[in-house]
Amino acid sequence: MDTETFSLFLSTVRRFVDEKLIPAEDAVEEADAVPAEIIDQMKEMGLFGISVPEAYDGLGCTMSEEAAIIRELTRASVVFRSVIGTTVGIGSQGIVMDGTEEQKREWLPKFATGEAIASFGLTEPEAGSDAGSLRTAAVRDGETYRISGTKRYITNAPRANVFTLMARTEPDVKGAAGISAFILPADTPGISLGKPDKKMGQKGAVTTDVILDDVVLPASAIIGGVPGRGFKTAMKVLDRGRIHIAAVSLGMCDRLIEMSLRYALERKQFGQRIGNFQLVQAMLADMKVDMLTTEALMKSVAAKFDAGEPVSLECSALKYHASEAVGRIADRAVQIYGGAGYMAEYKVERFYRDVRLLRIYEGTSQIQQTIIAKQMIRQAEAG
Ligand code: COS
């Protein structure tokens, strides 16, 4: 997108956030659902297609552009972003990165319009951080695979038309090398969903188990057509996804700082606004520093990603920093609000719970630390 078109798009998103999404936050929390009308508006705006290349009818945003859009969008409750999150990110990008031309032509234009919602099936009951130990088995049977297993906490599973699903095609190969990524249409016989998970926060975002009982798929459903490459596809998708999650964190940083500053200027104690007190100022300043360091890191990592540089370590560093930073910011926001910060009607307690997930999904902070350190050690050993 040229600069002018892009800044117009961003201001449309900003208006949508201020006029539609923020006013709908309480109703979404209450109903534990995002209204269909809002989802339709997101489709009309092209939000489902930001990461789909233009050749497949998407907006073809760069990572830097996507991050800026997601940051803007997540000034409203992160639950709205969750509606588009898997289609923009982890659910579609395996096909964008490693799919065959035929697979891209079949699915990407549908993702771009939101006609098809994509979801990502990696996590299992016994395989969370240790994704390479997944057990869902895909057994070759002539020109097909028969897949059985359970996927856990799958975001947008009930909305999904298709899953990119990781399964073990080589039962004798332990770890990552035996895993393939499949394109699994959600209406394939043998798929059933568990009950919606009851979560700490993010009401309106949906996750369920996905249970596969002898699901038959053609061998051509493997992303890229070559078995054994699915783990690497998943890791590349997650590297990119971690920049996206940092942008989500940053949007919430902006919102929480905006709210805290407003409250500090309105709320009076000891005969003056609490923003005059240096201990409150210290919290505001620390929030700003956390936001600015996240913003700076995000811009540099997204730019390196767009330049095609290897950024796996940086993606982990960014996701780690951003998600921890927004956690600290949310905690300080509750503190600045005091008693009101603990009460549902002021919303900061909700955001405090909502952002807690950012330190967990798409790789915990501890997994990010190990990715960073392992690469540092590898680089040192390589001289
Ligand atoms: N990009 C490309 N390839 C990668 C990669 C990346 N970012 N990370 C790892 N790989 C490759 C490795 O190069 C290795 O290939 P070779 O055997 O050909 O060298 C292979 O994948 C296995 O890598 P590794 O040995 O590092 O895998 P581990 O099993 O030790 O696990 C971690 C790696 C822990 C990093 C991985 O399991 C992980 O990211 N876990 C968190 C999962 C997660 O984020 N879950 C969230 C659920 S989705 S919301």
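As a starting point, this report considers the structure included with it. (Residues numbered from 1 in each chain as written. Predicted model: local features only at pLDDT ≥ 70, side-chain atom pairs only at ≥ 80, totals over all residues. Heavy atoms only, no water.)

**Section: the pairing of strand S1 (residues 118-121)**
Okay, so step 1: Neither face of S1 is exposed, since Ala118 and Phe120 on one face and Ser119 and Gly121 on the opposite face are all buried.
Okay, so step 2: The sheet contact formed by S1 and strand S4 (residues 162-168) spans four bridges and is parallel. Bridging from a neighbouring strand, Phe120 pairs with Thr164 of S4. (Buried < 20%, exposed > 50% of the residue type's maximum accessible area, 1.4 Å probe, protein only. Helix = DSSP H or I, 4+ residues; strand = E, 2+ residues; numbered from the N terminus. Pairing = 2+ DSSP bridges.)

**Digging into the site of the ligand**
Okay, so step 1: Looking at the ligand, there are 19 residues lining it, with Ser129, Lys232, Asp239, Arg242 and Gly363 nearest.
Okay, so step 2: Within the side chain of Arg242, a nitrogen or oxygen atom sits 3.0 Å from an oxygen atom of the ligand.
Okay, so step 3: One nitrogen or oxygen atom from the side chain of Ser312 is found 3.3 Å from a nitrogen atom belonging to the ligand.
Okay, so step 4: For the ligand, the accessible surface in isolation is 1,000 Å², of which the surrounding protein chains cover 64%. (Near = heavy atom within 4 Å. Polar contact = N/O pair within 3.5 Å; in protein donor to acceptor, adjacent residues only side chain to side chain. Areas by Shrake-Rupley, 256 points an atom, 1.4 Å probe, with all protein chains shown as cover.)

**A short note on the side chain of Arg350**
Okay, so step 1: Within the element layout of this structure, Arg350 appears in helix H10 (residues 348-356).
Okay, so step 2: Residue Arg350 is classed as buried on the basis of its relative accessible area, which comes to 6%.
Okay, so step 3: Side-chain polar atoms of Arg350 contact the side chain of Asp26, separated by 2.8 Å.
Okay, so step 4: Not counting residues up to four positions away in its chain, the partners in contact with Arg350 are Glu25, Asp26, Glu29 and Ala344. (Contact = heavy atoms within 4.5 Å.)

**As for the environment of Lys236**
Okay, so step 1: Among the structural elements, Lys236 can be located in helix H7 (residues 230-266).
Okay, so step 2: Its relative accessible area of 36% is what places Lys236 among the partly exposed residues.
Okay, so step 3: Along the sequence, Lys236 and Lys151 sit 85 residues apart, while their C-alpha atoms lie 20 Å from each other.
Okay, so step 4: Leaving out residues up to four positions away in the same chain, Lys236 has contacts with Met97 and Asp98.
Okay, so step 5: One polar contact links Lys236 to Asp98, side chain to side chain, over a distance of 2.9 Å.

**Some remarks on the pattern of salt bridges**
Okay, so step 1: What the rule picks out here adds up to 26 salt bridges.
Okay, so step 2: The partner of Glu324 in a salt bridge is Arg359, with the nearest N and O atoms 3.5 Å apart. In this pair, Glu324 sits in helix H9 (residues 312-337) while Arg359 sits in the loop between H10 and helix H11 (365-381), placing the two residues 35 residues apart along the sequence.
Okay, so step 3: Through salt bridges that share partners, Glu25, Asp26, Glu29, Arg255, Lys347, Glu349, Arg350 and Arg353 make up one connected network. (Salt bridge = Lys/Arg side-chain N within 4 Å of Asp/Glu carboxyl O.)

**With respect to the side chain of Arg71**
Okay, so step 1: As for its position among the elements, Arg71 is in helix H3 (residues 63-73).
Okay, so step 2: Overall, the relative accessible area of 16% leaves Arg71 in the buried class.
Okay, so step 3: Of note is the side chain of Arg71, whose polar atom sits 2.8 Å from the side chain of Glu295.
Okay, so step 4: Here Arg71 is in contact with Ala247, Leu250, Gly251, Asp254, Met291 and Glu295, once residues within four sequence places are set aside.

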